[in-house]
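Notes for the structure review
Listed below are the residues making up each chain.
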Amino acid sequence: MSSNEYLTENDPMFSAKKRTTSEIIRRVSSYLWPYKGLALATIACAVVSLLCAFAFPRLTQYIIDDVINTGDTSQLDIAILILIAAFFLRDFFNSIRIQVNNYFEQNVVFDMRREVYARLQRLPLQYYDTRASGDLMTRVIEDVNAVERLLIDGTEQGTVSIISILGVLTILFATNPILAGAAMIPIPILIIGAMWYTLTAHKRYRKQRQAASAMNSLLMDNLQGVREIKAFGKEKHEDSRFTDRAEAMRQGTLTIMRAWAFYNPSMSFVAATGTGLVLWIGGGQIMNDQMSVGELVAFLFYLALFYDPISKLHGLNQMLQSARAGGERVFDIIDATEERENFEGLNPLPNKVRGEVKYDEVHFNYSKDKSTLKNISFLAKPGQMIALVGPTGAGKTTLINLLPGFYETNQGDITIDGQNIAKTSLESLRKNISTVSQEPFLFNGSVRENISYGNLNASQNEIIAAAKAANCDNFINELPEGLDTKVGERGVRLSVGEKQRISIARALLKDSPILILDEATASVDTATERLIQQALERLMSGRTSFVIAHRLSTIRNADQILVLKSGSIIERGSHDELIKQQGLYSRLARIQNTTFIEEGFERLESDNK
Ligand SMILES: Nc1ncnc2c1ncn2[C@@H]1O[C@H](COP(=O)(O)OP(=O)(O)OP(=O)(O)O)[C@@H](O)[C@H]1O
Ligand SMILES: [Mg+2]
């Protein structure tokens, strides 16, 4: 069976750095600190309700030994009234405790979840290149919950259990040291059991969390690729892939359950032998007149109050191990390095730069073993249009992704108006750059929301003007609800040409001095093409523009054309200059009847063979 195919212990996609239980407790405690008042209130309520519970054995002893013998029913009535009152107080404080505790724990989880999300948004793109969205979602939702469960019970039950164990222990030894000693006999076995469980549980939980991540990642991937699954008729194939991962999840959970099913009853049995011992020795003591019946009954009730928190501690240990596995996955995100740390100390760029962009001997690689960009140098003057051309995989998108700081250069500097972008705040940098990407991403909201993403403060008139300038108005007017029409996830309800124009409108609204345009390769009909072209020209005018161009018509207008091949600029200049150079570009341009420059590359490649 291939169920464990995704569950190698150290799959970097789903695993997390190992951390000790004490580190997890310490980290989680730092979230509790702001709510220490609430935490104390919870514990106080629990202690009061515990003290009320102590009244039960004491009163029972009193009734059996003193009241029943006297035959005075009025004393019995009073004792019962006191008992009822004690029970009432116990449950009353319990109710308050539950409410305070929920409030407390939800606050902590809220803080933690927000921090994880905020951190996720500030991690470099490189982080996402090696992770699955489903895994990250699992961490934000499920793993935070695992930590939450520990908080609900851990803080308060842990303290209360320990307090009640110590309290009851004192009472037991004070009332009858011999019986108390007998009751302690199973304790070493309980401790050994707990240690075995603690030491082995972590591996099981970690595996189960990884299985959950793997399953959710596949689910996420498949939901996004549902069109491809249908188009390729791969429903059965995906059924079986999902089954494998669900099976790993089932196995992982069952392994945890099996260990618990063995551990918990065993511990309960060991504790019960303690009760047996006490009854055995205590029975003997009564027969020898060393003890009253009431005292033994009270002792047994107290004993229940002793073993009960011990079994709670076992349950807590289980939660702790689950929280540890979840917590280490959550803290992995929180501890990941933000893109550009300490950015408060960095010089921001002005709100509107002039737009002079310079690459100076820039080198970049995604991984150590392969260099993607080599020695890239060029200067773009304000308002110029730079076209990047080159075969697929040459590094055009990579080159352009360095400008907004999506990736950091390995060597060499990029400057805007003479200011090194590596030493500037990302916020000010990105404010100055608009991007229209190859496959524009639209959010699942209305057309209006998607356009105003360029400037959330834009007025209705500004939005309409941007939509007009991007040639969106025609199709928007035909949509059932105009600007308020929902576009669906990733904009599925719109055509590619429509999505492109919305993304142009969005960039227009952002109105930044530098523009990045990864021209779409998808063909649209010539009429739409003209509309898009016109919209782009309006967008580019007056801005320094970097265009990854595929259409020869776009390239001809560029002030400077950079021809990229295998990560290096092999030719540069205007269209006319490059034609004169008689190099690759001139051969491309001479090939007749092509609209897309790639077709030229392909033909040249096959000619060379
Ligand atoms: N996130 C990434 N992680 C690792 N390698 C990458 C990543 N993105 C791109 N690459 C690699 O870097 C090289 C350059 O890719 P890039 O996307 O810049 O090419 P491109 O010139 O834009 O191609 P196209 O015209 O097809 O869009 C390719 O070999 C690609 O496999
Ligand atoms: Mg590209």
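Residues numbered from 1 in each chain as written. Chains lettered and ligands numbered in written order. Predicted model: local features only at pLDDT ≥ 70, side-chain atom pairs only at ≥ 80, totals over all residues. Heavy atoms only, no water.

One open sheet holds the four strands; their spatial order is S2-S1-S4-S5, and the pairing between them is antiparallel. Of all strands in the sheet, those with a lone pairing partner are strand S2 (373-380) and strand S5 (419-420), marking the two edges. Bridging between strand S4 (residues 411-416) and S5 involves two bridges; their strand directions are antiparallel. When the sheet's bridge partners are listed, Thr415 is paired in S5 with Asn420. (Pairing = 2+ DSSP bridges. Helix = DSSP H or I, 4+ residues; strand = E, 2+ residues; numbered from the N terminus.)

Helix H7 (residues 187-224) packs onto helix H5 (residues 133-175) with a crossing angle of 125 degrees between their chain directions and a minimal axis gap of 7 Å. The angle between H5 and H7 falls in the class oblique. For the pair H5 and H7, the sense of crossing is right-handed. In contact with Ser133, Gly134, Asp135, Met137, Thr138, Glu142 and Asp143 of H5, H7 contributes Arg209, Ala212, Ser213, Asn216, Ser217 and Met220. In the contact of H5 with H7, the residues fall into three nonpolar, six polar and four charged. (Axes fitted to C-alpha atoms, helices over the stretch in contact; angles between N-to-C directions. Parallel < 35°, antiparallel > 145°, perpendicular 65-115°, else oblique. Left-handed = near helix turned anticlockwise from the far one by under 90°. Contact = heavy atoms within 4.5 Å. Nonpolar A, V, L, I, M, F, W, Y, C, P; charged D, E, K, R; others polar.)

Moving on: the nonpolar core. In terms of nonpolar packing, the biggest core is built from 43 residues, with Ile451, Ile504 and Ile561 touching the most fellow members. In terms of residues, this core owes the most to one element, helix H16 (residues 496-510), which gives six residues. Apart from the residues within four sequence positions on either side, Ile561 is in contact with Ala387, Val389, Ile555, Glu571, Arg572, Gly573, Ser574, His575, Leu578 and Tyr585. The next biggest cluster of nonpolar side chains, apart from the first, holds 34 residues, and it includes Ala194, Tyr205, Met291 and Phe306. (Core = buried A, V, L, I, M, F, W, Y, C linked by side-chain atoms within 4.5 Å. Buried < 20%, exposed > 50% of the residue type's maximum accessible area, 1.4 Å probe, protein only.)

In this section: the sheet that holds strand S10 (residues 568-573). Taken in spatial order, the six strands make up an open sheet running S6-S7-S8-S3-S9-S10, and their pairing is mixed. On the outer flanks of this sheet lie strand S6 (433-436) and S10, each paired with one strand and no other. Here the strands of the sheet are splayed against their neighbours by 20 degrees on average, with no regard to which way each runs. As paired elements, strand S7 (residues 514-518) and strand S8 (residues 544-548) share five bridges and run parallel to each other. Residue Ile514 lies in a different strand from S8, and its bridge partner there is Thr544. Taken strand by strand, helix H17 (residues 526-540) contacts strand S3 (385-389), S6, S7 and S8, and its axis lies near 155 degrees from that of S7.

We now examine the domain arrangement of the protein. Each domain of the protein was delimited in the assignment, giving domain 1 (21-335) and domain 2 (342-432 + 551-609). For domain 1 and domain 2, the distance between their C-alpha centroids amounts to 58 Å. (Domains from an automatic or database assignment.)

Now for the pairing of strand S9 (residues 560-565). Burial analysis of S9 places five of its six residues in the buried class, which makes it a mostly covered element. By the bridge criterion, four bridges tie S3 to S9 in an arrangement that is parallel. Looking at the pairing, Leu388 lines up with Leu562 of S9. Pairing of S9 with S10 involves five bridges; the strand directions are antiparallel. The residue of S10 that forms the bridge with Lys565 is Ser568. In textbook terms, the turn of a hairpin is the stretch between consecutive antiparallel strands, and for S9 and S10 this stretch comprises two residues, one of which, Ser566, has a positive phi near 45 degrees.

On to the site of ligand 1. As a structural note, the neighbourhood of ligand 1 is formed by 13 residues, with Thr392, Gly393, Lys396, Thr397 and Thr398 the closest of them. Between ligand 1 and Asp129 there is a distance of 2.9 Å, counted from a nitrogen atom to a side-chain nitrogen or oxygen. Here a nitrogen atom of ligand 1 and a side-chain polar atom of Tyr366 are 3.3 Å apart. Alone, ligand 1 offers 630 Å² of accessible surface; in the complex the protein occludes 65% of this. For the shell around ligand 1, the leading source of residues is helix H11 (residues 396-401), giving three residues. (Near = heavy atom within 4 Å. Polar contact = N/O pair within 3.5 Å; in protein donor to acceptor, adjacent residues only side chain to side chain. Areas by Shrake-Rupley, 256 points an atom, 1.4 Å probe, with all protein chains shown as cover.)

What follows concerns a nonpolar patch on the surface. Where nonpolar side chains cluster on the molecular surface, the patch consists of Phe441, Phe443, Tyr453 and Leu456 and spans about 460 Å² of accessible area. Mapping Leu456 onto the fold places it in the loop between helix H13 (447-452) and helix H14 (460-469). We classify Leu456 as exposed; its relative accessible area is 67%. (Patch = residues over 30% accessible without salt bridge, like charges linked within 9 Å, V, L, I, M, F, W, Y side chains within 5 Å. Salt bridge = Lys/Arg side-chain N within 4 Å of Asp/Glu carboxyl O.)

To continue, consider the packing of aromatic side chains. Overall, the coordinates contain 21 aromatic pairs when judged by the stated rule. Look at Phe92 and Phe93: their rings are 5.5 Å apart centre to centre, the planes differ by 80 degrees, and that puts the pair in the edge-to-face class. You can call Phe92 partly exposed: its relative accessible area is 40%. Taken together, a centroid distance of 5.2 Å and an interplanar angle of 85 degrees make the contact between Tyr366 and Tyr407 edge-to-face. In this pair, Tyr366 sits in the loop between strand S1 (357-364) and S2 while Tyr407 sits in the loop between H11 and S4, placing the two residues 41 residues apart along the sequence. In this structure Tyr366 comes out as partly exposed when scored by relative accessible area, which is 36%. An aromatic cluster is present here, built from Trp196, Tyr197, Trp260, Phe262 and Tyr263 joined pairwise through their rings. Across from the ring centre of Phe331, 4.3 Å away, lies the NZ or CZ of Arg27, which sits over that ring. Above the plane of the ring of Tyr127 lies Arg131, whose end atom (NZ or CZ) is 3.9 Å from the centre. (Phe/Tyr/Trp six-rings, centres within 6.5 Å; stacked < 30°, edge-to-face > 60°. Lys NZ or Arg CZ within 6 Å of the ring centre and 35° of its normal.)

Let us now look at the environment of Met267. Residue placement: Met267 occurs in helix H9 (residues 235-287). Residue class for Met267 comes out buried when judged on its relative accessible area of 9%. A C-alpha to C-alpha distance of 74 Å links Met267 and Ile570, two positions 303 residues apart in sequence. Here Met267 is in contact with Ile189, Leu190, Gly193 and His314, once residues within four sequence places are set aside.

With that settled, consider the pattern of salt bridges. Under the criterion given, the structure shown has 19 salt bridges. Between Arg19 and Asp332 there is a salt bridge, with its nearest N and O atoms 3.4 Å apart. Within this pair, whereas Arg19 is found in the segment before helix H1 (21-32), its partner Asp332 is found in helix H10 (residues 293-335), the two being separated by 313 residues in sequence. Close ionic contact of Arg329 with Asp143 constitutes a salt bridge, the shortest N to O distance being 2.5 Å. Here Arg329 is found in helix H10, whereas its partner Asp143 is found in helix H5, with 186 residues between them in sequence. Each of the two residues, Arg329 as well as Asp143, counts as buried. What you see here is one network of salt bridges that share partners, running through Arg19, Glu23, Arg27, Asp135, Arg139, Glu142, Asp143, Arg209, Arg329, Asp332 and Asp335.

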